[in-house]
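# A look at the structure
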Amino acid sequence: MSRALRAEWTKLRTVPSTNWLLLAVVTATVALGLVADAAARCPSAGCHLDPARTGLTGIYLGQAIVVVLAVPAVSGEYGNGMIHVTFTAMPGRTVVLAAKAVTVTGATLSAGVPAVLGSLLAGRLVLPGHGFTAAHGLPPLSPTDGPVLRAAVGSVLYLGLIALLSVGVAAAVRDAATAIGTVLGLLYLLPILTTVLGGSGLARHFRQLSPMTAGLAVQATTDLRGMPIAPWAGLGVLAGWAAAALLAGGLLLHLRDA
């Protein structure tokens, strides 16, 4: 396993796009969060926005870049034929997939931490000027606050789970464009479907099972009782999606020729 990890880490860090994509995760996440902060308003008549979720809005965009980073770590080798060399050097296909999952997720988490912290800092600086104040029951965002800490840690873990989901799907379908389209479809199309269904019971079930809607419930710090799923339970749903994708990818690696 240590040999596989060293090999996969060498592959990942020597691809020129890796560092740029990791930087893009941080930049895009913080930038979109800053835009959301600037647009948010909390009037004295009543504030219906969650400051933590507002500040972490950039995760919606950052996750797409994570998908673009994670999928080629698997499908890229199928595209250029290097997968034959990889499996010749390391015949244990499960070990190879596990090593890819660990390295890609580790790189994602390394970008997720500054992305989330930067988003919270931007929210702490901008939101109080738009009515998000202690007078309205919404003190400035702080990682020392329990719910905000949970939202921050959960957001970083969310990005890591998106990376695992992407690796699993890429191992299952092989083609980069198909894998990216599949993951992005799971993330963005299911919430659109729930919007079309409106407030029906079926829509609530879709929100509970959708990887993005359920996973990002971990960011909520207000009105928890009105949510379709609890914060950590929602992140658990995303973990289930990632585990299923990795299991399917691992099985197909063994059943198909390289």
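This structure is a prediction, so every number in the text was calculated from the model and none was measured.

A tally of regular secondary structure across the protein chain gives 12 helices and zero strands. Expressed as lengths along the three principal axes of its C-alpha atoms, the size of the protein chain is roughly 65 × 40 × 25 Å. Expressed as a percentage of its 258 residues, the buried residues of the protein chain come to 46%. Sequence-distant contacts, at least 24 apart, represent 78% of the contacts inside the protein chain between residues at least 6 apart. With 15 positive and 8 negative side-chain charges, the protein chain shows a separation of 4 Å between the mean positions of the two kinds.

On the surface, L149, V153, L157 and W232 cluster together into a nonpolar patch covering about 360 Å² of accessible area. Residue contributions to the nonpolar patch peak at three residues, all from helix α8 (residues 146-173). Inspection of the secondary structure puts W232 in helix α12 (residues 231-255).

As a further point, take helix α4 (residues 59-70). The end-to-end C-alpha distance of α4 is 16 Å, a good match for the 16 Å that 12 residues give at a rise of 1.5 Å each. Most of α4 sits out of view: nine of its 12 residues are buried. All buried positions along α4 are accounted for by I59, G62, Q63, A64, I65, V66, V67, L69 and A70.

As a further point, take the packing of helix α2 (residues 16-39) against α4. Axis angle and axis distance: for two packed helices, these are the angle between their axes and the distance between the axes, and together they describe the pair. At a minimum axis distance of 8 Å, the contact between α2 and α4 shows a crossing angle of 170 degrees. Classified by the angle their axes make, α2 and α4 are roughly antiparallel. Contacts from T18, L21, L22, A24, V25, A28, T29 and L32 in α2 reach I59, L61, G62, I65, V66, V68 and L69 in α4. Here the residues of the contact of α2 with α4 sort into 12 nonpolar, three polar and no charged.

On to unusual backbone geometry. Glycine aside, residues mostly have negative phi angles, and peptide bonds mostly take the trans form. Despite not being glycine, R174 has its phi angle at roughly 75 degrees, a positive value. Relative to the helices and strands, R174 is located in the loop between α8 and α9 (176-197). Here the phi dihedral of D223 falls at roughly 50 degrees; this positive angle occurs in a residue that is not glycine. Its location among the elements puts D223 in the loop between α11 (211-215) and α12. Of the residues examined, D223 reaches a relative accessible area of 59% and is grouped as exposed.

Rules of the game
Residues numbered from 1 in each chain as written. Predicted model: local features only at pLDDT ≥ 70, side-chain atom pairs only at ≥ 80, totals over all residues. Heavy atoms only, no water. Helix = DSSP H or I, 4+ residues; strand = E, 2+ residues; numbered from the N terminus. Buried < 20%, exposed > 50% of the residue type's maximum accessible area, 1.4 Å probe, protein only. Contact = heavy atoms within 4.5 Å. Lys, Arg positive; Asp, Glu negative; His and termini not counted. Charge placed at Lys NZ, Arg CZ, Asp CG, Glu CD. Patch = residues over 30% accessible without salt bridge, like charges linked within 9 Å, V, L, I, M, F, W, Y side chains within 5 Å. Areas by Shrake-Rupley, 256 points an atom, 1.4 Å probe, with all protein chains shown as cover. Salt bridge = Lys/Arg side-chain N within 4 Å of Asp/Glu carboxyl O. Expected span 1.5 Å × (residues − 1). Axes fitted to C-alpha atoms, helices over the stretch in contact; angles between N-to-C directions. Parallel < 35°, antiparallel > 145°, perpendicular 65-115°, else oblique. Nonpolar A, V, L, I, M, F, W, Y, C, P; charged D, E, K, R; others polar.

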